[in-house]
Amino acid sequence: MASNRYWLVLPAAGVGKRLGSSTPKQYLRVAGHSLIEWALRPFLEDRACENAVVALATADANWAGVRSQLSRAVYEVPGGAERRDSVLAALRHLKEIGVADEEWVLVHDAARPCVSRAEITALCQAVWQVSPESHGSDRQGPESQRIEGGILALPLTDTVKRGALEHGQVASRDTLSREGLWRALTPQMFRLGALREALEATAREGRVPTDEAQAMEWQGAGALLVAGEATNIKVTTQSDLTLIEGVLSHRAREPR
Ligand code: CTP
Ligand code: MG
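For the structure given in this document, a descriptive report is provided here. (Residues numbered from 1 in each chain as written. Chains lettered and ligands numbered in written order. Predicted model: local features only at pLDDT ≥ 70, side-chain atom pairs only at ≥ 80, totals over all residues. Heavy atoms only, no water.)

1. Considering the packing of aromatic side chains
Line of reasoning, step 1. Across all of its chains, the model carries two aromatic pairs by this definition.
Line of reasoning, step 2. Their ring planes at 85° and their centres at 6.4 Å tell us that Tyr6 and Phe43 sit as a pair that is edge-to-face. Of this pair, Tyr6 sits in strand E1 (residues 6-12) while Phe43 sits in helix H1 (residues 35-44), and the two are 37 residues apart along the sequence.
Line of reasoning, step 3. Residue Phe43 is classed as buried on the basis of its relative accessible area of 0%.
Line of reasoning, step 4. For the ring pair Trp7 and Tyr75, a centre distance of 6.2 Å and an interplane angle of 45° mean the geometry is tilted. Of this pair, Trp7 sits in strand E1 while Tyr75 sits in strand E5 (residues 75-78), and the two are 68 residues apart along the sequence.
Line of reasoning, step 5. Positioned over the ring face of Trp38 is Arg41, at 5.1 Å from the centre of the ring.
Line of reasoning, step 6. Against the face of Trp218 rests Arg207, its NZ or CZ located 4.0 Å from the ring centre. (Phe/Tyr/Trp six-rings, centres within 6.5 Å; stacked < 30°, edge-to-face > 60°. Helix = DSSP H or I, 4+ residues; strand = E, 2+ residues; numbered from the N terminus. Buried < 20%, exposed > 50% of the residue type's maximum accessible area, 1.4 Å probe, protein only. Lys NZ or Arg CZ within 6 Å of the ring centre and 35° of its normal.)

Encoded structure:
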């Protein structure tokens, strides 16, 4: 496979505890489609996307209805207890079906339905531009400076406070510099072998990374921060749902 192709891994095995809806949030319908369909769509329409592996909860009763709506058949694997375990299950599956360790994987949350084609393209272009053709090239210099992939991210724009508990309330006595601080979004893009090994290591060490990039950082590998869009919201709470309703309704009206 040429290096300008990638596989998608979509962790979708969460229950959406913080949102508190009886249907897992990735299956809520907004603007005519479930959130997971919205999240998959720009990848499945992208010719650079080889195919997708979706990690699902074992008792998932909603996926069958989504599967029948997709433009292509995708791979399905059982997810795990943590998001990390769901991603790892999908990466192990890619290895099992013979995908080479050098190939690129984009990991994208099923709960981020507004990711755009432009963001996906920007991430891929940025990573492919800095990446040597194959592992083992010394073009990038010493170990401590390795860049092994990239993630979509947004520079912080608000003033950042540290909250501390005082008399049962949260109070601020400290303002942090937001210089150099970014919010990590998805997709996050790394080579299959390096990412699988990094996540396997976290499982062995009994620590849970909050994203793929953190697992890679623990291996000494950096990731490019590629500017994403503020609309690439992860649905966590009810107000996120209100925001994405606006974005997706607008998209649904756009000519395709
Ligand atoms: N996810 C997963 N496997 C898990 C936990 C989460 O595949 N064991 C997926 C979710 O389905 C979601 C993405 O990882 O698409 C991001 O996780 P998050 O927003 O935390 O979703 P939930 O875990 O479902 O939500 P909550 O933490 O509120 O329960
Ligand atoms: Mg969660």
